[in-house]
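# Results of the structural survey
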Amino acid sequence: MTRIEFHFNATERLQYACRLLRKAHTQKLRIGVVGSAQALRQLDSALWTFSAVDFLPHSTSSEGADVQDVSAILLSEDPERCAGRDVLVNLGDEVPAGFEQFGRLIEIVAVDDHGRMTARQRWKHYTAQGYDLVQHDLSKRSLS
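Residues numbered from 1 in each chain as written. Predicted model: local features only at pLDDT ≥ 70, side-chain atom pairs only at ≥ 80, totals over all residues. Heavy atoms only, no water.

So, on to the pattern of salt bridges. Summed over the entire model, instances satisfying the criterion amount to five salt bridges. When the shortest N-O distance is used, the salt bridge between D54 and R22 registers 2.9 Å. Linking D54 in the loop between α2 (37–49) and β3 (58–60) with R22 in helix α1 (residues 13–26), this pair joins segments that are 32 residues apart in sequence. Residue classification places D54 among the partly exposed residues on the basis of a relative accessible area of 29%. The class of R22 is buried, set by a relative accessible area of 19%. Put simply, K140 and D137 hold a salt bridge, and the shortest N to O gap is 4.0 Å. Exposure remark for K140: the relative accessible area of 71% places this residue in the exposed category. Classification of D137 as buried rests on a relative accessible area of 19%. (Salt bridge = Lys/Arg side-chain N within 4 Å of Asp/Glu carboxyl O. Helix = DSSP H or I, 4+ residues; strand = E, 2+ residues; numbered from the N terminus. Buried < 20%, exposed > 50% of the residue type's maximum accessible area, 1.4 Å probe, protein only.)

Turning next to the pairing of strand β2 (residues 31–34). A two-sided burial pattern is seen for β2, the buried positions comprising I31 and V33 on one face and G32 and V34 on the other. The pairing of β2 with strand β4 (residues 73–76) spans four bridges and is parallel. Residue pairing for β4: G32 is matched across the bridge by L74. Relative to strand β5 (residues 87–90), β2 is paired through four bridges, and the arrangement is parallel. Residue pairing in the sheet places I31 in a bridge with V87 of β5. (Pairing = 2+ DSSP bridges.)

Where α1 contacts α2, the two axes come as close as 10 Å, and the packing angle between them is 60°. One finds that α1 runs oblique with respect to α2. The handedness of the crossing between α1 and α2 is right-handed. Of α2, the residues touching α1 (which contributes L14, Q15, A17, C18 and L21) are A39, Q42, L43, A46 and L47. Classifying every residue of the contact of α1 with α2 by side-chain character gives eight nonpolar, two polar and no charged. (Axes fitted to C-alpha atoms, helices over the stretch in contact; angles between N-to-C directions. Parallel < 35°, antiparallel > 145°, perpendicular 65-115°, else oblique. Left-handed = near helix turned anticlockwise from the far one by under 90°. Contact = heavy atoms within 4.5 Å. Nonpolar A, V, L, I, M, F, W, Y, C, P; charged D, E, K, R; others polar.)

The subject of this paragraph is α2. Taking 1.5 Å per residue, 13 residues should reach 18 Å; α2 reaches 19 Å between its end C-alpha atoms and fits that length. For α2, every residue scored as buried is listed here: A39, L40, L43, A46 and L47. Taken end-on, α2 shows its buried residues confined to a sector of 125°, consistent with a single buried face. Looking at α2, the residues exposed on the side facing more than 90 degrees away from the buried face are R41, W48 and T49. Residues of α2 that are buried sit in contact with α1, β2, β3 and β4. (Expected span 1.5 Å × (residues − 1). Arc of directions from axis to C-beta.)

Structure representation (structure tokens):
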């Protein structure tokens, strides 16, 4: 069964996502990231600039399959394009289609009202499906 984690109270959601992706990459995990086209463009940009010493090999679903296959991190609006990866990170408002095929799903929840409201809806969906959810309150800890 997929392990579902909610990382909530992310004040700098994209910076937190970059740090989370760096940590997952150091653990040799292959990661898919889903969200809106705008959120993924912003994350793509942030991944290039967030650290002067770390390179996080990533690609977008608009790049060729050969590039996507060798990239540890794939950014895509379509969760199905991320199939076969270890972890799925959701930056979107909806429950990602096919999330059950991943070993782990991470929901990053911002502090704004819209982010919290849509996260509550996803939380209800997952619990109704019988998933035990793991909570990480980011206001109480930091990810290096």
